[in-house]
Amino acid sequence: MLIKPSINILVVENDITILQRCRELLVNEGHRVRTAESVEEALDIIQKHSGNVDIILLSLELPGWGGLTLINILQKAKREILIMAMSADCGEEAIEAMHAGAYDCIRKSFTTDRFWTKMNRAIEAFRLWRQLDILTRQRQAALTRIPHEENLMAIFNSITDGIVVTDWQTNIVLFNAKAATLFGLTEEKTLGHPISVSIKSDELLSFVMRAVKSDSSLAPLMAGEEPVVKVEEKAFRVHVDAVKNDTGTVIGAVGLFHDVSSISAMDKLRSDFLSMVSHELKAPLSSLLMQVSVLHDGLAGELNPKQKELLGKAKEKTKGMITLVNDILDYRRIQDGKSVQKIESLNLAEILQRTVELMRLSAEEKEISMKCEIEEDLPSFSGDRGGMEAIFVNLISNAIKYTPKGGSVNVILYKAGKDIRFKVVDSGIGIPPEDIDRIFEKFYRIKTEQTQSIAGSGLGLSIVKGIVDAHRGSIHVESEAGKGTTFIVSLPVEE
Ligand SMILES: Nc1ncnc2c1ncn2[C@@H]1O[C@H](COP(=O)(O)OP(=O)(O)OP(=O)(O)O)[C@@H](O)[C@H]1O
Ligand SMILES: [Mg+2]
């Protein structure tokens, strides 16, 4: 509070004896005193020391402009100064002064006690007055703050994306109108309750947990593209960030939800169309390959070398197209979360054996020696047959594709602890270290002189990764450019 322990008092009196007496009494009590002998002089002091005059002890019997004039001037100027009148008899003039705004009147023939009785009351009144003034100002400040907060809430509620704020324990503390409609949030049901109760998404919860546990030294939580999170029937592009206080301590999380359900529906329509087209192409392409192969192999009549060469190229292109169509179909399956279509007890040894036999022909065409070692008595594996075949085909075909003529490809299936491991070792072109982390991305292909003539869509490994993840397995790659590559897939066997 700004209440000063001592009061600034201006004594305006032309009778020097009275002036000195007043001054002495007030100074002795620790108050700061200024004196003036006329209204003009008083006004001068008030102007010069604006804010430093709290009480004026004012004689009503001043020559020239009387004390009443000063009271009127100060009232008009709305100066926050308490005026204590002083007069010989506190008669008519005093009453007029009090009407004009003076607090009280002291007789000039005062005794010390009488002086202090009146002055103390005036000082007390002034202090209360000040205090009231401070409280009024504070209240006004608070009132101006309320509309500010209301404005912020209005802005918050007009945002077309949903916003949800949680505390550090992931309890919802604030949400905007859009979030309320999107997730059916209400103040009673939602505020103070965990976000997981109102918005059911494990993925979202993991983002919020990461945000509230985040360390300011960590990289931004959501670098790059924001993930799409599914909540019941809807899809949202979400951005979650930590909320920090002035000192940088994480006090909660804020999530922004952009509804992309309609875009996702469009996306689904588009990829369903792609699947449908791919599916429709698969059968005619397979029969085309068969017919071209019949021609190429001379089963429909002798061919001259030129015809054989052209049909050979046509056969390769058709094979490429079939692979692409299969990739698209496999990829769609994974996107739909259907990488595990049907779980059954599988004999991986038998599936691998058959796959290797099917691929042996393409290895022979490139004079690549292919060995296959399968450990005996492997336990059966619970998984999706189509998925396992896709893993074997993709990794073995890559090994053959990216190994030059005369190289080797070794395929091994063995047990390691609680896992069944599938290993493909080739002596091919290898993968440069800078590309190793990217080969599992969809459509990623390494562009070098050696790979430019090799056909592919860059989907194979992303499909493999999707299937391995769906079976709670892991895939690992070791490679040295020019020396060869080893892919190891570990699949956990459930006991
Ligand atoms: N065994 C390997 N040796 C060297 N490079 C490889 C090997 N396997 C994959 N790669 C590199 O990784 C890239 C991605 O492989 P991926 O199987 O995903 O696609 P792709 O073989 O190009 O096409 P497809 O979709 O037909 O399989 C390849 O383009 C290739 O550059
Ligand atoms: Mg491939």
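Residues numbered from 1 in each chain as written. Chains lettered and ligands numbered in written order. Predicted model: local features only at pLDDT ≥ 70, side-chain atom pairs only at ≥ 80, totals over all residues.

To continue, consider the overall build of the protein chain. From N to C terminus, the protein chain includes 15 helices and 17 strands. If you line up the protein chain on its principal axes, its C-alpha atoms span 145 × 45 × 45 Å. For the protein chain, with 495 residues in total, the buried portion stands at 27%. (Helix = DSSP H or I, 4+ residues; strand = E, 2+ residues; numbered from the N terminus. Buried ≥ 20, exposed ≤ 12 C-beta atoms within 10 Å, placed from the backbone.)

Right, let's talk about the sheet that holds strand β2 (residues 32-36) for a bit. Pairing is parallel across the open sheet formed by five strands, whose spatial order is β2-β1-β3-β4-β5. Since the sheet does not close on itself, it has two edges, and those belong to β2 and β5 (104-107), each with one partner. Along the sheet, successive strands turn relative to each other by an average axial angle of 25°, direction set aside. As defined by bridge partners, strand β1 (residues 8-12) adjoins strand β3 (residues 55-59) across four bridges and the pair is classed as parallel. Bridging from a neighbouring strand, Val 12 pairs with Leu 58 of β3. Contacts from helix α1 (residues 16-28) reach β1, β2 and β3, with the element oriented near 170° to β2. Packing of helix α4 (residues 92-100) onto the sheet brings it into contact with β4 (82-87) and β5, and relative to β4 it is tilted by some 175°. (Pairing = 2+ DSSP bridges. Axes fitted to C-alpha atoms, helices over the stretch in contact; angles between N-to-C directions. Contact = placed C-beta atoms within 7 Å.)

A separate point is the site of ligand 1. What surrounds ligand 1 is a group of 24 residues, the closest being Tyr 402, Ile 446, Gly 456, Gly 460 and Leu 461. Breaking the shell around ligand 1 down by element, the ones donating at least two residues are α11 (305-335), α13 (385-401) and α15 (460-470). (Near = placed C-beta within 6 Å.)

Here we take up the sheet that holds strand β16 (residues 474-480). The strand order β12-β14-β15-β17-β16 describes an open sheet built from five strands, whose pairing is mixed. Both edges of this open sheet fall to β12 (369-374) and β16, since each of them pairs with a single strand only. Across this sheet, the average inter-strand angle for adjacent strands is 10°, counted without regard to direction.

This brings us to the pairing of β5. Bridge count between β4 and β5: four bridges; the pairing is parallel. Along β5, the bridge assignment pairs Ala 85 with Cys 105. Since β4 and β5 lie parallel, the crossover through α4 that links them has a hand, and here it is right-handed. (Right-handed = clockwise from strand over helix to strand, strands pointing away.)

What follows is about the packing of α13 against α15. Two packed helices can be described by the angle between their axes and the distance between those axes. Between α13 and α15, the least distance of the axes is 9 Å, while the angle of their chain directions is 145°. Here the hand of the crossing between α13 and α15 comes out left-handed. The residues of α15 that touch α13, namely those facing Gly 387, Ala 390, Ile 391, Asn 394, Leu 395 and Asn 398, are Gly 460, Leu 461, Ile 463, Val 464, Ile 467 and Val 468. Along the lines of polarity and charge, the residues of the contact of α13 with α15 split into eight nonpolar, four polar and no charged. (Left-handed = near helix turned anticlockwise from the far one by under 90°. Nonpolar A, V, L, I, M, F, W, Y, C, P; charged D, E, K, R; others polar.)

What follows covers the domain arrangement of the protein chain. Domain annotation for the protein chain reports domain 1 (8-136), domain 2 (160-259), domain 3 (263-338) and domain 4 (340-495). A straight line from the C-alpha centre of domain 1 to that of domain 2 covers 63 Å. (Domains from an automatic or database assignment.)

Further remarks concern the packing of helix α12 (residues 348-365) against α13. At a closest axis distance of 10 Å, the pairing of α12 and α13 adopts a crossing angle of 35°. Here α12 runs over α13; the crossing is right-handed. When α12 is examined against α13, the residues Leu 348, Ile 351, Leu 352, Thr 355, Val 356, Met 359, Ser 362 and Ala 363 are found in contact with a partner set consisting of Arg 385, Met 388, Glu 389, Phe 392, Val 393, Ile 396, Ser 397 and Ile 400. Its residues assigned to classes, the contact of α12 with α13 shows eleven nonpolar, three polar and two charged.

The next thing to look at is the pairing of strand β10 (residues 250-259). Here is the key point about a regular strand: its side chains alternate between the two faces of the sheet. Pairing analysis gives six bridges linking strand β6 (residues 162-167) to β10, with the strands arranged antiparallel. Of the residues in β10, the one forming a bridge with Asp 167 is Gly 252. As judged from the nine bridges shared by strand β9 (residues 234-244) and β10, these two strands associate in the antiparallel manner. Across the sheet, Phe 236 pairs through a bridge with Asp 259, a residue of β10. Counting the residues in the hairpin turn of β9 and β10 gives five residues, including Gly 248, whose phi is positive at 90°.

Looking now at α13. Compared with the 24 Å implied by 1.5 Å per residue over 17 residues, the 24 Å span of α13 between its first and last C-alpha is a close match. The buried count for α13 comes to twelve of 17 residues, which makes it a mostly enclosed element. For α13, the set of buried residues is Gly 387, Met 388, Ala 390, Ile 391, Phe 392, Asn 394, Leu 395, Ile 396, Ser 397, Asn 398, Ala 399 and Ile 400. (Expected span 1.5 Å × (residues − 1).)

As a further point, take the nonpolar core. Counting residues in each nonpolar core, the largest one holds 37 residues, and the members touching the most others are Ile 55, Ile 56, Leu 57, Leu 58, Ile 83, Met 84 and Ala 85. If one sorts the elements of this core by residue count, β4 sits on top with five residues. Each residue touching Met 84, except ones within four places of it in the same chain, is listed here: Ile 55, Leu 57, Leu 58, Ala 102, Tyr 103, Asp 104, Ile 106, Met 119 and Ala 122. (Core = buried A, V, L, I, M, F, W, Y, C linked by C-beta atoms within 7 Å.)

Glancing now at the environment of Glu 365. With respect to the helices and strands, Glu 365 occurs in helix α12. Sequence separation between Glu 365 and Gln 169 is 196 residues; the distance between their C-alpha atoms is 63 Å.

Before going further, it helps to spend a moment on the environment of Lys 189. Here Lys 189 is to be found in helix α7 (residues 187-190). Along the chain, Lys 189 and Ile 368 lie 179 residues apart, while their C-alpha atoms are 67 Å from each other.

Attention now goes to unusual backbone geometry. Residues other than glycine seldom take positive phi values, yet Cys 90 does so here, at roughly 50°. Mapping Cys 90 onto the fold places it in the loop between β4 and α4. Since 18 C-beta atoms lie within 10 Å of it, Cys 90 is described here as partly exposed.

Those residues of helix α3 (residues 67-76) that fall on the buried side of the exposure criterion are Gly 67, Leu 68, Leu 70, Ile 71 and Leu 74. Down the axis, α3 shows its buried residues gathered within 155° of arc, on one side only. (Arc of directions from axis to C-beta.)

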